[in-house]
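Coordinates in review
This is what each chain is made of:
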Amino acid sequence: MKKNYDVIIIGTGVAGLFNALNLPEYLEILMITKAGLEESDSFLAQGGICVLKNENDFESYFEDTMKAGHYENTKESVEVMIRSSREIISDLLRYGVEFESEEGELRYTREGAHSTPRILYHEDVTGKEITGKLLKQVLDKENITIMEHTAMTDILSHNNDCYGVIIKLENGQETTVMAHDIVLACGGIGGRYQHSTNYPHLTGDALTIAGKHDIRLKNLDYIQIHPTTLYSTKPGRRFLISESVRGEGAVLYNKAGERFVNELLPRDLLTKEIYKQMEKDDTPYVMLSMQTIQGIDVTRRFPNIYQHCLDEGFDVTKECIPVVPAQHYFMGGIDVDLDSRTSMEHLYAVGETSCNGVHGKNRLASNSLLESLVFAKRAAKDILSNRSKEKMIS
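Conventions adopted
- Residues numbered from 1 in each chain as written.
- Predicted model: local features only at pLDDT ≥ 70, side-chain atom pairs only at ≥ 80, totals over all residues.
- Heavy atoms only, no water.
- Phe/Tyr/Trp six-rings, centres within 6.5 Å; stacked < 30°, edge-to-face > 60°.
- Helix = DSSP H or I, 4+ residues; strand = E, 2+ residues; numbered from the N terminus.
- Buried < 20%, exposed > 50% of the residue type's maximum accessible area, 1.4 Å probe, protein only.
- Lys NZ or Arg CZ within 6 Å of the ring centre and 35° of its normal.
- Salt bridge = Lys/Arg side-chain N within 4 Å of Asp/Glu carboxyl O.
- Contact = heavy atoms within 4.5 Å.
- Core = buried A, V, L, I, M, F, W, Y, C linked by side-chain atoms within 4.5 Å.
- Pairing = 2+ DSSP bridges.
- Axes fitted to C-alpha atoms, helices over the stretch in contact; angles between N-to-C directions.
- Domains from an automatic or database assignment.
- Buried area = accessible area lost by both parts, 1.4 Å probe.
- Polar contact = N/O pair within 3.5 Å; in protein donor to acceptor, adjacent residues only side chain to side chain.
- Nonpolar A, V, L, I, M, F, W, Y, C, P; charged D, E, K, R; others polar.
- Parallel < 35°, antiparallel > 145°, perpendicular 65-115°, else oblique.
- Left-handed = near helix turned anticlockwise from the far one by under 90°.

Tallied over the full model, the rule gives three aromatic pairs. With a centroid separation of 6.5 Å and 85° between ring planes, the pair formed by F18 and Y95 is classed as edge-to-face. Here the residue F18 occupies a position in helix α1 (residues 14–21), and Y95 occupies one in the loop between α3 (75–94) and β4 (101–102), the gap between them amounting to 77 residues. Across the pair, exposure class does not vary: F18 and Y95 are buried alike. Across the ring face of Y121, the terminal group of R301 is positioned such that the distance to the ring centre comes to 3.8 Å. Lying over the aromatic face of Y329, R363 brings its terminal NZ or CZ to 4.2 Å of the ring centre.

On to the pattern of salt bridges. Tallied over the entire structure, the rule returns 27 salt bridges. Where E243 meets R267, a salt bridge forms, and the shortest distance between an N and an O atom there is 2.5 Å. Placement of E243 in helix α6 (residues 243–247) and of R267 in helix α7 (residues 267–281) is noted, with a sequence separation of 24 residues between them. A relative accessible area of 2% places E243 in the buried class. Residue R267 is classed as buried on the basis of its relative accessible area, which comes to 6%. Here the residues in one salt-bridge network are D337, D339, R341, R378 and D382, joined through shared partners.

The residue I182 is located in strand β10 (residues 174–184) in this model. For I182, a relative accessible area of 0% puts it in the buried group. Sequence separation between I182 and I146 is 36 residues; the distance between their C-alpha atoms is 15 Å. Once you skip the residues sitting within four places of it in the chain, I182 turns out to touch I8, C162, G164, V165, H346, L347 and Y348.

All right, on to the nonpolar core then. Counting residues in hydrophobic clusters, the biggest one holds 56 residues, and the most contacted among them are I49, L92, I130 and L134. With residues up to four places along the chain from it excluded, the contact list for I130 reads V14, I49, L92, V97, F99 and L369. Ranked by size, the runner-up nonpolar core spans 28 residues in total, among them M152, L207, I215 and L347.

What follows covers the sheet that holds strand β15 (residues 321–330). Sheet architecture is open: four strands sit in the order β12-β15-β14-β13, paired in antiparallel fashion. The sheet terminates laterally at β12 (223–230) and β13 (251–253), the two strands that pair on one side only. Averaged over all pairs of adjacent strands, the angle between their axes in this sheet comes to 45°, without regard to strand direction. In terms of strand pairing, strand β14 (residues 286–289) meets β15 through three bridges, oriented antiparallel.

Let's shift gears to the domain arrangement of the chain. In terms of domain boundaries, the chain breaks down into domain 1 (2–149 + 330–391) and domain 2 (225–325). Just the C-alpha atoms count here: the centres of domain 1 and domain 2 sit 27 Å apart. In this assembly, 17 residues from domain 1 lie in contact with 20 residues from domain 2. Taken together, the two surfaces of domain 1 and domain 2 that pack against each other cover about 1,500 Å², and 49% of this comes from carbon and sulfur. The tally of links between domain 1 and domain 2 comes to zero salt bridges. Remark: the boundary between domain 1 and domain 2 carries 10 residue pairs in polar contact (both at pLDDT 80 or more). In terms of residue class, the side of domain 1 that touches domain 2 is built from five nonpolar, seven polar and five charged.

Here we take up the packing of α1 against helix α4 (residues 126–139). Each pair of packed helices can be summarised by the angle the axes make with each other and by the distance between the axes. Direction vectors running N to C along α1 and α4 enclose 40°, while the axes themselves pass 9 Å from each other. One element, α1, and the other, α4, form an angle in the oblique class. α4 is crossed by α1, and the crossing has left-handed handedness. Counted together, V14, L17, F18 and L21 of α1 and I130, T131, L134, L135, Q137 and V138 of α4 form the full contact between these two elements.

As a further point, take the sheet that holds strand β11 (residues 217–218). Strand order in this open sheet of three strands is β11-β16-β18, and the pairing throughout is mixed. The sheet terminates laterally at β11 and β18 (354–355), the two strands that pair on one side only. Pairing between β11 and strand β16 (residues 333–335): two bridges, direction antiparallel. By the bridge assignment, K218 is partnered in β16 with G333. Across the sheet, helix α5 (residues 205–212) is in contact with β11 and β16; its angle to β16 comes to roughly 40°.

Next comes the structure, spelled out in structure tokens:
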């Protein structure tokens, strides 16, 4: 295999893919992923992607994001994300991503803690639609090499300047690969939890490596629990019941069949209420009813959820399903600036691996895909800008 590239991207989720697509084709890029190409959490995102509908929506969107994050968000990052959202959606449409529409107009849905519908979606598999279309684009690029089942075990650095990575190949052999710039897009930490919506191989490797090299980390205790995953006694990843289900009108019941909470509370607050109710009822779950959703066919709006529940023995059109909170998202990570630069030169972090402060203490629903795309694109622009400056100096 080649030993030198212009850019190495660790991870093939939505952040890594979009970063690669925003780099010019004259750069040689290596992408590695710890598992298979479709085994990233980006493929699992159900609900949708937020977007600024119009200028009148800015203050409301900004406030919803800040409030959900307990006002611990970095305001500049939030503004950059929101202001960039229309551009990102245009990019996705150009890459062939399909969002639900009616008579040529995009349709919006609503989720918890949003004061208005502003979420674009594709059935209940928005992450799969976006990530799959981006992956197809990347696979068509001759300048991009992808290695599956390949893990990063360390980075190479000198005087706080990153110049390569140590990787472990599928056969167990370790080797070093050098590059001008390294982008960490390794996902979250769900693999460290017994109950998580994440893939089990996502174990926060980049955080461990960053700590070893004294790279700044931030808000490592900011862990988001998703309020509604399908209850199961089976081991392994928990199946997410999208927040958009509740946004469309699904309700939560206690064991007496009584509604006990406002289902559109921010995720952390709703999780607390569910845990309280579980303790009162002495049950390991509460019940979610999709039969209360009015005006839409849930089998068409949520085909993936409908089919998975059916496979588990529940017909959501006729009965309630048991749901329980589970670890879902990591708001902390490697500390980065507005251009996704870490505290080490030539080292970037994007997506769930990074912490630019957008989410604060608790992420607003459907901001994750948008945040990943916005700051992955900014990282690509910064990589190009710095290369140009270095050439001028030399």
